[in-house]
Protein chains: 2
Amino acid sequence: MSRQSPARQHTLHTLETPCLVLDAERMERNIRRLRERLAELGPSLRPHLKTAKSVEVASRVMTSDAGPATVSTLKEAEQFAAAGVHDLIYAVGIAPGSKLERVAALRAGGTELSIILDTVEQAQFVAEACRNSGDAIPVLIEIDCDGHRSGVRPEDSLTLLEIGRTLHQGGTELRGVLTHAGGSYAARGAAALERCAEEERAAAVKAAETLREAGLPCPVVSVGSTPTAHFARDLAGVTEVRAGVFVFFDLVMAGIGVCTLDDIALSVLATVIGHQPEKGWILVDAGWMALSRDRGTAKQDVDQGYGLVCDINGKPYGDLIVADANQEHGVLAMRNGADSALPDLPIGTRVRILPNHACATGAQHDRYHVVRTGSETVDAEWPRFGGW
Amino acid sequence: MSRQSPARQHTLHTLETPCLVLDAERMERNIRRLRERLAELGPSLRPHLKTAKSVEVASRVMTSDAGPATVSTLKEAEQFAAAGVHDLIYAVGIAPGSKLERVAALRAGGTELSIILDTVEQAQFVAEACRNSGDAIPVLIEIDCDGHRSGVRPEDSLTLLEIGRTLHQGGTELRGVLTHAGGSYAARGAAALERCAEEERAAAVKAAETLREAGLPCPVVSVGSTPTAHFARDLAGVTEVRAGVFVFFDLVMAGIGVCTLDDIALSVLATVIGHQPEKGWILVDAGWMALSRDRGTAKQDVDQGYGLVCDINGKPYGDLIVADANQEHGVLAMRNGADSALPDLPIGTRVRILPNHACATGAQHDRYHVVRTGSETVDAEWPRFGGW
């Protein structure tokens, strides 16, 4: 599925900057790592493709070209379905109207697309649509395992059962429960991450048991986030794990201890365009448009600014970070203002910037330039898409 | 230049969400306001098209279809040149290699494209390229008026004159000086903004005088930022003003007092997808992917979260803001947690979210859905582009 650059063989010295570079060797290693973990623990992997938004990356991270996989937009569902992925969960609460119509159209086209919801109101309009169409859409009830966003609390049996019955008796297929430990992104260290993973598992399993004890079906118990997927010690009762950013990793994940800097597969290639020696600044042509406005490390122990700066081969220059960013300017400076250690980077020098958040930085670009670790040769160009 | 939606006449009730909505009446009013100011003050307007990235918006904001205009990327220069804009400044410090080659290619195609720089090193490689090609590229020396980013300090005559002579004697066309009062984004209130505008003017004029006194040409004195363009009381010595975000305005501009909420022409249309009544939260399908990660109001007197929430006609619900955002989820809550005032927005309700920063939010979308103030009818769909 790889597409070679058609016109010329690019290197990291000839690409237009700023642009997105993907170290495919690191990516393959990250994928193997999670697969091996899950092979030991039992559940299957349903990777979240919202991070990659690329058919080429998807084909490498999924266990088969047909899925299973998770998406965050119907655009992703449509793009991946067109590329032959037939088993998908749209993991954002369903809305009435055109979203439900697009789900129906994808299903009519042969894609096994499931949806999620967390209110009786949603269960009612989905059930009504299923009765009208005769297509029993598979639905997972979203469970709130840590209070971070959406979902039914696992102890709220009343709501859970009302939603479950509305779905099961109303004409949909009650497929199971789904939860996401988004709170784990704020955890630090192995013990805290293990606790998040166990809370996530326990919440989903408890909700599944509530449904089953009431005679409702619940074949699927779906959990997942990159931190909890890597720190779960036991996934008893869980049938599948969703995770997305594990494919690339990023500085936020390194900051909470899920990966090392050496695991981060994504970087932004940039060119030095100026110096402000009195201030200890080096200016590059990658601002927040190329890096994103994500400041996910701002509240971590090590604030990486808008990204950690590496040489063209991907080796960090110690504490050189993108200290500030305008639309098309990045301001490089030593962390904590240690000017003396500022490397000598003449105008025209190319650097690679590790992102705070791979999902956000990736989204600012329309393709990946694929390299091997330490190589300057661009082996392939993989398109990525955006939008809804 | 407007392109009507081909398939069907959309309304704000039928568009896919999240998507970008542009109130063309507010935009036209914003454009008129700055034009009228500059007509009184004297300098010409060279709008910055980095905010709009749209041929249709550009045609409305420029004083002629051929320009003049300012761009922040060579992709913008190429796109606008292809649409007939022939007078452009690429207002980011030039790098050697492919960037200079793309400038040369655009100029060879008939576009009057100028570049900027702030080091002797850059002046040398640009002069060398001009001697080799025989094309005297027009160059503006970037001046640092407030220490916020790049440029030569206006009092640093030595560097200024060395750059000026390298350019003028080396084979380029020394066109003038350019500065941008980026520091004005952190100012508050009319008096502070007037001071920023005067500092910006004085820095550019002082640098121009230094060059002229040494016998160097300096026909162009270019200044500009949206706050200073609106608060300058006098622009003596300035020949042109650049500004970009004034076309749409945003919450950051409202926060510093350059516009009111009623002037903000850009919003993100979103759909309610869930409720967490115990927490006082309403969930919508516009997360940071649709709103951007920009938190530009975080340090202002009124923190607008990830955006201020309005009804479908663009009227704010008092203090309802996007208090938090995940990739495809926005969490609406009352500012300061005043749950009692939370409006009743059933699942499926559509809202419009005013952005912190129009440049960042716009960049997350590939088109504008154009409406008139208060109307739900979508009159046109204008494409926008991204990339470099």
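Residues numbered from 1 in each chain as written. Chains lettered and ligands numbered in written order. Predicted model: local features only at pLDDT ≥ 70, side-chain atom pairs only at ≥ 80, totals over all residues. Heavy atoms only, no water.

Caption draft 1: Inspection of the overall build of chain A at higher detail. Along chain A, the regular secondary structure elements total 11 helices and 17 strands. Over its C-alpha trace chain A gives a radius of gyration of 22 Å, about what one expects of a compact globule, namely 21 Å for 388 residues. Dimensions of chain A along its principal axes, counting C-alpha atoms only, are 70 × 45 × 35 Å. Taking all 388 residues of chain A together, the buried fraction comes to 62%. Residue pairs at least 24 apart in sequence account for 68% of intrachain contacts in chain A once pairs closer than 6 positions are excluded. When the accessible surface of chain A is summed, it comes to about 13400 Å², and 49% of that surface belongs to carbon and sulfur atoms. The averaged location of the 50 negative side-chain charges in chain A is 1 Å from the averaged location of its 39 positive side-chain charges. (Helix = DSSP H or I, 4+ residues; strand = E, 2+ residues; numbered from the N terminus. Rg over C-alpha atoms; globule rule 2.2 N^0.38 Å. Buried < 20%, exposed > 50% of the residue type's maximum accessible area, 1.4 Å probe, protein only. Contact = heavy atoms within 4.5 Å. Areas by Shrake-Rupley, 256 points an atom, 1.4 Å probe, with all protein chains shown as cover. Lys, Arg positive; Asp, Glu negative; His and termini not counted. Charge placed at Lys NZ, Arg CZ, Asp CG, Glu CD.)

Caption draft 2: Looking closely at the sheet that holds strand β3 (residues 69-71) of chain B. Residue and element names in this part refer to chain B. Here we have 8 strands laid out as an open sheet, ordered β2-β9-β8-β7-β6-β5-β4-β3, and parallel in their pairing. Only two strands of the sheet have a single neighbouring strand rather than two, namely β2 (44-45) and β3. In terms of strand pairing, β3 meets strand β4 (residues 87-90) through 3 bridges, oriented parallel. Bridge assignment links T70 to a residue of β4, and that residue is I89. Relative to strand β8 (residues 220-223), helix α7 (residues 189-213) is tilted by about 160°, and along the sheet it contacts β6 (138-143), β7 (173-179) and β8. (Pairing = 2+ DSSP bridges. Axes fitted to C-alpha atoms, helices over the stretch in contact; angles between N-to-C directions.)

Caption draft 3: How the structure looks around the environment of B:Q276. Structurally, the position occupied by B:Q276 is in strand β10 (residues 266-276). Each C-alpha atom of the pair B:Q276 and B:V331 lies 9.5 Å from the other, and the pair is 55 residues apart in sequence. Ignoring sequence-local partners within four residues, the contact set of B:Q276 consists of A:D118, A:D144, A:R149, A:S150, A:G151, B:W281 and B:L283.

Caption draft 4: Quick peek at the nonpolar core. Ranked by internal contacts, the top residues of the largest apolar core, which has 248 residues, are A:F248 and B:F248. In contact with A:F248, other than residues within four places in its own chain, are A:L22, A:M27, A:N30, A:T51, A:A52, A:V57, A:D263, A:I264, A:A265, A:L266, A:A358 and A:Y368. (Core = buried A, V, L, I, M, F, W, Y, C linked by side-chain atoms within 4.5 Å.)

Caption draft 5: How the structure looks around the pairing of strand β11 (residues 281-284) of chain A. Residue and element names in this part refer to chain A. Where strand β10 (residues 266-276) meets β11, 4 bridges bridge the pair, whose relative direction is antiparallel. Its bridge partner lying in β11, V272 is registered against V284. Counting the residues between successive antiparallel strands, the hairpin from β10 to β11 contains 4 residues, one of them, G280, with a positive phi of roughly 75°. As paired elements, β11 and strand β14 (residues 330-334) share 3 bridges and run antiparallel to each other. Note on β14: the bridge partner recorded for I282 is L332.

Caption draft 6: Main features of the sheet that holds strand β2 (residues 44-45) of chain A. Residues and elements named next belong to chain A. The strand order β2-β9-β8-β7-β6-β5-β4-β3 describes an open sheet built from 8 strands, whose pairing is parallel. Each having just a single partner strand, β2 and β3 (69-71) make up the two edges of the open sheet. The sheet contact formed by strand β5 (residues 112-117) and strand β6 (residues 138-143) spans 3 bridges and is parallel. Bridge pairing in β6 places I116 opposite L140.

Caption draft 7: Spotlight on the packing of helix α5 (residues 120-133) of chain A against helix α6 (residues 157-170) of chain A. All names here are of chain A. For the pair α5 and α6, the least separation of the axes is 9 Å and the interaxial angle reads 5°. Relative to α6, the element α5 is oriented roughly parallel. For the pair α5 and α6, the contacting residues are V120, A123, Q124, A127 and R131 in the first and E162, I163, T166, L167 and G170 in the second. Looking at the contact of α5 with α6 residue by residue, the class counts come to 5 nonpolar, 3 polar and 2 charged. (Parallel < 35°, antiparallel > 145°, perpendicular 65-115°, else oblique. Nonpolar A, V, L, I, M, F, W, Y, C, P; charged D, E, K, R; others polar.)

Caption draft 8: Looking closely at the interface of chain B and chain A. Every contact between the two is made by 54 residues of chain B and, on the other side, 54 residues of chain A. Note on chain B versus chain A: buried area summed over both sides is about 4500 Å², and carbon and sulfur give 53% of it. Summed over the three residues of chain B that lose the most area to chain A, namely B:R149, B:I347 and B:W388, the buried surface amounts to 17% of that side. In this assembly, chain B and chain A are joined by 8 salt bridges. Note that B:K99 is salt-bridged to A:D285, the shortest N-O span being 2.3 Å. (Buried area = accessible area lost by both parts, 1.4 Å probe. Salt bridge = Lys/Arg side-chain N within 4 Å of Asp/Glu carboxyl O.)

Caption draft 9: Quick look at the confidence of the model for chain A. All names here are of chain A. Across chain A, pLDDT averages 96, with 98% of residues at or above 70. This stretch, residues 1-6, has a pLDDT under 50; its non-local contacts, to residues over four places away or in other chains, come to 14 contacts. Here the prediction assigns the complex a pTM of 0.97, and the interface score ipTM is 0.96. (pLDDT = per-residue confidence, 0-100.)

Caption draft 10: Representation of the pattern of salt bridges in the model. According to the stated counting rule, one finds 50 salt bridges over all chains in the structure shown. Here A:D144 ties to B:K279 by a salt bridge, and the two come within 3.2 Å at their closest N and O atoms. Of this pair, A:D144 sits in the loop between β6 and α6 while B:K279 is found in the loop between β10 and β11 (281-284), placing the two residues in two different chains. Note that A:E198 and A:R201 form a salt bridge whose closest N and O atoms lie 2.9 Å from each other. One end of the pair, A:E198, and the other, A:R201, are both in helix α7 (residues 189-213), 3 residues apart, so they sit about a helical turn from each other. For A:E198, a relative accessible area of 35% translates into the label partly exposed. Through salt bridges that share partners, A:R107, A:E112, A:D135, A:E173 and A:R175 make up one connected network.

Caption draft 11: Representation of the relation of the copies chain B and chain A in the model. Note on the copies: chain B fits chain A at an RMSD of 0.0 Å, the axial shift is 0.0 Å, and the rotation between them is 180°. In short, the pair behaves as if placed about a two-fold rotation axis. Rotation axis and chain B: the residue whose C-alpha lies nearest the axis is B:R293, separated from it by 2.5 Å. Both copies share a contact surface, since 100% of the interface residues of chain B are interface residues in chain A too. (Least-squares fit on C-alpha atoms with pLDDT ≥ 70 in both.)

Caption draft 12: Broad picture of helix α6 (residues 157-170) of chain B. All names here are of chain B. With 14 residues, α6 should reach 20 Å at 1.5 Å per residue; the first-to-last C-alpha distance of 19 Å fits that figure. Listing the buried residues of α6 in full gives L160, L161, I163, G164, L167 and G170. Taken together, the buried residues of α6 touch β5 (112-117), α5 (120-133), β6, β7 and α7. Phi turns positive one or two residues past the end of α6, at G171, with a value near 115°. (Expected span 1.5 Å × (residues − 1).)

Caption draft 13: Region of the structure containing the side chain of A:K53. With respect to the secondary-structure elements, A:K53 resides in the loop between β2 and α2 (55-61). The exposure class of A:K53 is buried, given its relative accessible area of 2%. Residues in contact with A:K53, not counting those within four places in the same chain, are A:T73, A:E76, A:F80, A:P383, A:R384, A:F385, A:G387, B:M289, B:Q327 and B:E328.

Caption draft 14: Structural view of the domain arrangement of chain A. Residue and element names in this part refer to chain A. We note that the domain assignment places domain 1 (25-247) and domain 2 (261-383) within chain A. Spacing between the C-alpha centres of domain 1 and domain 2 amounts to 33 Å. Domain 1 puts 17 residues into the contact, and the matching count from domain 2 is 16 residues. Note on domain 1 versus domain 2: buried area summed over both sides is about 1400 Å², and carbon and sulfur give 47% of it. When the buried area of domain 1 at its contact with domain 2 is split by residue, E25, R26 and R188 rank highest and sum to 40% of it. Taken together, the links from domain 1 to domain 2 amount to 2 salt bridges. A salt bridge links R29 to D263, with the shortest nitrogen-to-oxygen separation between them at 3.1 Å. (Domains from an automatic or database assignment.)

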